[in-house]
2 protein chains.
Amino acid sequence: MNQAMEKDKIDKKDHILDVAEKVFAELGYEGASTRLISGEANVNMAMLNYYFGSKEGVFLAIFERRIASFQSVLLSIGNDDSINAWEKLDKYIDSYVDRVVNNNCFHVMLNREISKSKKTDLTDQITKIIMRNVTVFQNIIANGIKSGEFSKDVDQQLLVATIFGTKNYIVNTPHISSLIIGYDVMDKDNQDEKLKPRLKTYLKKLLKAYLVNENDNNK
Amino acid sequence: MNQAMEKDKIDKKDHILDVAEKVFAELGYEGASTRLISGEANVNMAMLNYYFGSKEGVFLAIFERRIASFQSVLLSIGNDDSINAWEKLDKYIDSYVDRVVNNNCFHVMLNREISKSKKTDLTDQITKIIMRNVTVFQNIIANGIKSGEFSKDVDQQLLVATIFGTKNYIVNTPHISSLIIGYDVMDKDNQDEKLKPRLKTYLKKLLKAYLVNENDNNK
DNA sequence: ATAAATTAATCAATCGTTTGATTAATTTTG
DNA sequence: CAAAATTAATCAAACGATTGATTAATTTAT
């Protein structure tokens, strides 16, 4: 197989993943049949198993593709020792908000699957992937506390829930959040011009207010 | 059929809905088979169709049942003029955390449903009910700002996303949040003894830090 | 006795996956 | 270089299992 063939094959696999991601997001994992996915992608049903081993393999391949692209960015922020904890936090929020809002359909699909309380191979795999991002954020906070930049009197763990939860609430409940915020949060222009900068500013200010190392103002 | 029978029948239907709610939360709508639900509830499979007509009928019955009790609870707090904005906020958080954690299975179901981009009668209904709770919270914040108790320089609308989003993140992603927090957040004892008080304390402190009307400490 | 409740058995449909065959491309061999 | 052997890609068909739903028979309650 020459290089041109290799490229075609990758393009075809990528095309299947594009279609599958959309179908999964619309119908959920169990709701999306392999027949529908292969039909939408105009490929033979057996190709899904041939390329990805199984339906679950297709699902996980979607994750690997999306996660891999941004994983290194977040890690580099966490490992950059040339900037202080506050700057790391800002950078993390900027990158994270951009990525999540840009790939909001994917994140809806992700959260729908991980919201299943029953443990499966699939939820285990997703958990592992998500936890990598969580750990980066946790380390930024922990190091900031250790260095004295952040207050010691914070709940690091629930703070994770706030950052990821605030973001999730906006993208996962578009009908609600659009009503609250006052414009359609699914609209691309609104996202770029209004939502993203506003969400960044807000999260930074919220974190700053909570993390600031003030001299214990009682009550 | 006398009254005793009628009660038995209602109890049985209620029991089925209890079990179904849990299974739907665990596996999602498509992931939960009627055989599993009826098996867990120790009733014949045909009883689901006999009582509720179809699988979807079971699903809708769960919502109708919970939604009925969903209504009036929080409204009283918002309308209580005998306490100040800070106290209202505390009360709201207390009752809200209790209610959501106690009914975590239903809330997982609810959020999974509302995360669908396609509008349906069900999502419209859920949206309306959720917005009623949101409005109570927003009014507390708005009145606190107007009275000067809270800072004017806050993003009221995104603050809503933080409160509801933080809570959602804990209950909707149990695998993740259990890993982050360090114990099983689905365990009833953990919920009552650890999670609920901790979440209340955290949310209050977070809100206080963000809302406090300080004299603009630059940077 | 009659209506309601419950059951086991069964239904067609659909699920994800596997199979064996075929085509196309690449490598190996003579 | 050309024939043979090997590999990769693709396909239609079928697999066994499971799905939600229904039937008809039986039990229970009034």
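What you see is a predicted model; the values in this text were computed from it and never measured.

(A) Region of interest: the interface of chain B and chain A. Between chain B and chain A, the contact holds 51 residues from the first and 48 residues from the second. Together chain B and chain A conceal approximately 4600 Å² of surface at their shared face, both sides included; 66% is due to carbon and sulfur atoms. Of the charged contacts in the structure, one is a salt bridge between R198 of chain A and D155 of chain B, with a shortest N-O distance of 2.8 Å. Across the contact surface, chain B and chain A share 19 residue pairs in polar contact (both at pLDDT 80 or more). Mapped by element, the contributors of at least two residues to the side of chain B that touches chain A are α1 (3-27), α7 (104-114), α8 (121-146), α9 (156-172), α10 (174-181) and α11 (188-211) of chain B. Sorting elements by how many residues they give to the side of chain B that touches chain A places α9 of chain B first, with 13 residues. For the side of chain B that touches chain A, the residue count by class is 26 nonpolar, 15 polar and 10 charged.

(B) Highlighting the domain arrangement of chain A. Residue and element names in this part refer to chain A. Partitioning chain A into domains gives domain 1 (1-53) and domain 2 (70-211). For domain 1 and domain 2, the distance between their C-alpha centroids amounts to 29 Å. Listed as interface residues are 7 residues of domain 1 and, on the opposing side, 7 residues of domain 2. Interface area, domain 1 with domain 2, both sides summed: about 520 Å², of which 60% is carbon and sulfur. It is E21, A25 and Y29 in domain 1 that bury the most area against domain 2; as a group they hold 69% of the surface buried on that side. Across the domain 1-domain 2 interface, the total number found is 1 salt bridge. Viewed at the interface, domain 2 and domain 1 are joined by 3 residue pairs in polar contact (both at pLDDT 80 or more). Here the side of domain 1 that touches domain 2 is built from residues that sort into 3 nonpolar, 1 polar and 3 charged.

(C) Just the relation of the copies chain B and chain A, in detail. For these two chains of identical sequence, chain B goes onto chain A by a turn of 178° and a shift of 0.4 Å along the axis, with RMSD 2.3 Å. As the rotation angle and translation indicate, the two copies are arranged about a two-fold axis. A shared binding surface is used by both copies, with 92% of the interface residues of chain B retained as interface residues in chain A.

(D) Structural view of unusual backbone geometry. Residue and element names in this part refer to chain A. Phi is positive for N42, close to 55°, though the residue is something other than glycine. For N42, the position within the fold is in the loop between α2 (34-41) and α3 (45-52). Under the relative-accessibility criterion, N42 is labelled exposed at 72%.

(E) Molecular detail of the side chain of S151 of chain A. Residues and elements named next belong to chain A. By secondary structure assignment, the location of S151 is in the loop between α7 (121-146) and α8 (156-172). Using a relative accessible area of 11% as the deciding quantity, one classes S151 as buried. At 3.0 Å, the side chain of S151 forms a polar contact with the backbone nitrogen of D153. Ignoring anything within four residues of it in the chain, the contact list for S151 reads I145, L211, V212 and N213.

(F) Fine view of the environment of T34 of chain A. All names here are of chain A. In this structure, T34 sits in helix α2. Sequence separation between T34 and I62 is 28 residues, and the spatial gap between their C-alpha atoms is 14 Å. Look past the residues within four positions of T34 in its chain and what remains in contact with it is M45, L48 and K55.

(G) Examining the environment of G57 of chain A more closely. Looking at the secondary structure, you find G57 of chain A in helix α4 (residues 55-79). With 65 residues separating them along the chain, G57 of chain A and L122 of chain A place their C-alpha atoms 9.3 Å apart.

Conventions used here
- Here the residue numbers are simple positions, counted from 1 along each chain's written sequence.
- Going through the entries in the order they are written, you letter the chains from A and number the ligands from 1.
- For this predicted model, a pLDDT threshold of at least 70 governs which residues receive local features, and a threshold of 80 or more governs which side-chain atom pairs are given and counted, while totals over whole chains, interfaces and linings are taken from all residues.
- Based on all heavy atoms of the structure, the side-chain values leave hydrogens and waters out of the count.
- For this analysis, residues touch if any pair of their heavy atoms sits within 4.5 Å.
- Defined here as a combined quantity, buried area equals the accessible surface (1.4 Å probe) lost by two parts on assembly, summed across both.
- Just to be clear on terms, a salt bridge is a Lys or Arg side-chain nitrogen sitting within 4 Å of an Asp or Glu carboxyl oxygen.
- Definition of a polar contact: a pair of N or O atoms within 3.5 Å, with one able to donate and the other able to accept a hydrogen when the atoms are protein atoms, and with sequence-neighbouring residues admitted only if both atoms are side-chain atoms.
- Segments assigned H or I by DSSP are reported as helices when at least four residues long, segments assigned E as strands when at least two residues long, and all are numbered from the N terminus.
- Basically, the charged four are Asp, Glu, Lys and Arg, the nonpolar ten are Ala, Val, Leu, Ile, Met, Phe, Trp, Tyr, Cys and Pro, and anything else, Gly included, counts as polar.
- Boundaries between domains were set according to an automatic or database domain assignment.
- When the copies are superposed, the least-squares fit draws on C-alpha atoms of residues that have pLDDT of at least 70 in both.
- Buried residues are those whose accessible area, probed at 1.4 Å on protein chains only, stays under 20% of the maximum for their type, while exposed residues exceed 50% and partly exposed ones sit between those limits.

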